[in-house]
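Working through the structure, step by step
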Amino acid sequence: MYRILVIDDEPIIADGLYELFAQDETFALEVHKVYSVQAALRYKPDIVIIDIKMPGMNGLELLTQIHRRWPFCHVIFLSGYSDFEYVQKAMQLGADSYILKSQGDEVVLETVYKTLALLEQERTKYRFFASMSNEIQFEYSLDADILTFTEWGAAHLEVSDLIVHPYESAELRALMT
């Protein structure tokens, strides 16, 4: 189940998006809506859909707070402002998308579906690495000062090599530069 939080000071927008996602059966969603930034901070969402201009704290300031509180949360801006500076600043601060309210429900749904697919990929990777770490059994030899692995199949050798020798992998070094 994924949690979506809609934050907009215009009730007609927040209510409409809430209904749109609450009725959607494509993904299992827990949908919440709030009309102010202060009310938003009590949730722990997977995706936040937020307006850029709101009373009090604006969406850009809230984006910084969201990433500080919930580093794995994805943020989609839904705004009436097409000013390039807003778009650029939102993306620089780590927003996933910036769409205009005038683009309609189909674009909003498509953007959320793409973000949900990204979340699913992230969760799959997390589950994979969590299961891998549970399978790893280290035997530490104080005399030889080396790590050896037990109960590993051939498919795990490449992953284990990256875990033990991350800086010896040319591919990994290339990715890091």
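Structure: see above.
Values in this document were obtained by computation on a predicted structure and should not be read as measured data.

Basis of the calculations
Residues numbered from 1 in each chain as written. Predicted model: local features only at pLDDT ≥ 70, side-chain atom pairs only at ≥ 80, totals over all residues. Heavy atoms only, no water. Pairing = 2+ DSSP bridges. Helix = DSSP H or I, 4+ residues; strand = E, 2+ residues; numbered from the N terminus. Axes fitted to C-alpha atoms, helices over the stretch in contact; angles between N-to-C directions. Salt bridge = Lys/Arg side-chain N within 4 Å of Asp/Glu carboxyl O. Buried < 20%, exposed > 50% of the residue type's maximum accessible area, 1.4 Å probe, protein only. Core = buried A, V, L, I, M, F, W, Y, C linked by side-chain atoms within 4.5 Å. Contact = heavy atoms within 4.5 Å. Phe/Tyr/Trp six-rings, centres within 6.5 Å; stacked < 30°, edge-to-face > 60°. Lys NZ or Arg CZ within 6 Å of the ring centre and 35° of its normal. Polar contact = N/O pair within 3.5 Å; in protein donor to acceptor, adjacent residues only side chain to side chain. Arc of directions from axis to C-beta.

A look at the sheet that holds strand 1 (residues 2-7)
Across the sheet, which stays open at both edges, the five strands sit in the order 2-1-3-4-5 with parallel pairing between neighbours. Bordering the open sheet on either side are strand 2 (29-34) and strand 5 (97-100), each of which pairs with just one other strand. Neighbour to neighbour, the strand axes of the sheet diverge by 20 degrees on average, direction disregarded. Strand direction decides the pairing type here: strand 1 and strand 2, joined by six bridges, are parallel. Residue pairing for strand 2: V6 is matched across the bridge by K33.

Thoughts on the pattern of salt bridges
According to the stated counting rule, one finds seven salt bridges in the structure shown. The salt bridge partner of K114 is E110, with a shortest N-O separation of 3.3 Å. Taken together, the positions of K114 and E110, both in helix 5 (residues 105-135) and four residues apart, correspond to about one turn of that helix. Overall, the relative accessible area of 44% leaves E110 in the partly exposed class.

Considerations on the nonpolar core
Counting 21 residues, the largest nonpolar core has I7, V48, I50, I66, V75 and F77 as the members making the most contacts within it. Broken down by secondary-structure element, the contributors of at least two residues to this core are strand 1, helix 2 (37-40), strand 3 (47-50), helix 3 (59-69), strand 4 (74-79) and helix 4 (84-92). The leading source of residues in this core is helix 3, at four residues. Filtering out sequence-adjacent residues up to four positions away, V75 remains in contact with V48, I50, L63, I66, H67, A95, D96 and S97. Of all hydrophobic cores here, the second largest spans 19 residues; its members include Y2, L20, I49 and L109.

Some remarks on the packing of aromatic side chains
Evaluation of the coordinates by the stated rule reveals four aromatic pairs. These aromatic residues form a ring-pair network of at least three members: Y2, F27 and Y113. Sitting over the ring of Y18, K33 keeps its end group 5.1 Å from the ring centre. Here the guanidinium or amino end of K53 rests over the ring plane of Y81, the centre of that ring lying 5.4 Å away.

Overview of helix 4
A distance of 3.0 Å separates the backbone nitrogen of E85 from a side-chain oxygen at the start of helix 4, and that oxygen is part of D83. Count one or two residues on from helix 4 and you reach G94, which has phi positive near 105 degrees.

Details of helix 3
Within the span of helix 3, buried status applies to G59, L60, L62, L63 and I66. With its buried residues spanning 155 degrees around the axis, helix 3 presents them on a single face. Taken together, the buried residues of helix 3 touch strand 1, helix 2, strand 3, strand 4 and helix 4. In this structure N58 caps helix 3, since a side-chain oxygen of it lies 2.8 Å from the backbone nitrogen of L60.

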